[in-house]
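Per-entry structural report
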Amino acid sequence: MEASVAEIKAKLQERENHIRESWVKAMEARLVREELSKCHQAEGVNHYENCKWLSEKYLALLRTNRVKGYKTIDV
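Here's a quick rundown of the structure. (Residues numbered from 1 in each chain as written. Predicted model: local features only at pLDDT ≥ 70, side-chain atom pairs only at ≥ 80, totals over all residues. Heavy atoms only, no water.)

1. Some details on the overall build of the chain
When you go through the chain residue by residue, the secondary structure sums to three helices and zero strands. Across the 75 residues of the chain, 16% fall into the buried class. Considering only intrachain contacts with a sequence separation of at least 6, the fraction spanning at least 24 residues in the chain is 62%. For the chain, the accessible surface area stands at approximately 6,600 Å², while carbon and sulfur atoms represent 56% of it. (Helix = DSSP H or I, 4+ residues; strand = E, 2+ residues; numbered from the N terminus. Buried < 20%, exposed > 50% of the residue type's maximum accessible area, 1.4 Å probe, protein only. Contact = heavy atoms within 4.5 Å. Areas by Shrake-Rupley, 256 points an atom, 1.4 Å probe, with all protein chains shown as cover.)

Pasting the structure below:
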């Protein structure tokens, strides 16, 4: 069976949206990492206490916000 043009366009749009959201989440993690680096430099020896919330947020983002492909392969 051939898929209609509308189905193909919808599938491509869905794929594009998935990839865009994945990259937005990855860039969010990158921005938090950059802010964490700035905090570490600015705070000096007190960065463990003063930047803890940023480091926890960054670790949480690393766990959840990965760039993922659109297709999944079942093994």
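Once you've had a look at it, read on.
2. Quick look at the state of the cysteines
Using the criterion set out here, one finds one disulfide in the structure. Covalent S-S linkage joins C39 and C51, the inter-sulfur distance amounting to 1.9 Å. An S-S torsion of about -90° defines the bridge between C39 and C51 as left-handed. A residue pair is termed long-range when its members are at least 10 positions apart, and C39 in helix α1 (residues 5–43) and C51 in the loop between α2 (47–50) and α3 (52–64) qualify at twelve residues. Judged by its relative accessible area of 1%, C51 is buried. (Disulfide = S-S within 2.5 Å.)

3. A closer look at the side chain of N65
Inspection of the secondary structure assignment puts N65 in the segment after α3. For N65, a relative accessible area of 13% puts it in the buried group. A distance of 3.1 Å separates a polar atom in the side chain of N65 from a polar atom in the side chain of T64. Apart from the residues lying within four places of it in its own chain, the contact partners of N65 are K25, A26 and E28. (Polar contact = N/O pair within 3.5 Å; in protein donor to acceptor, adjacent residues only side chain to side chain.)

4. Here's the deal with the pattern of salt bridges
If you walk through the whole model with that rule in mind, you get four salt bridges. The salt bridge involving R20 is made with E16; its shortest N-O contact spans 2.7 Å. Highlighted residues: R20 and E16, both in helix α1, separated by four residues, approximately one helical turn. Taking the shortest distance from any N to any O, the salt bridge between E35 and K38 comes out at 3.4 Å. Linking E35 with K38, this pair stays in helix α1, spanning three residues, or about one helical turn. (Salt bridge = Lys/Arg side-chain N within 4 Å of Asp/Glu carboxyl O.)

Nothing here speaks to function; it is all geometry.
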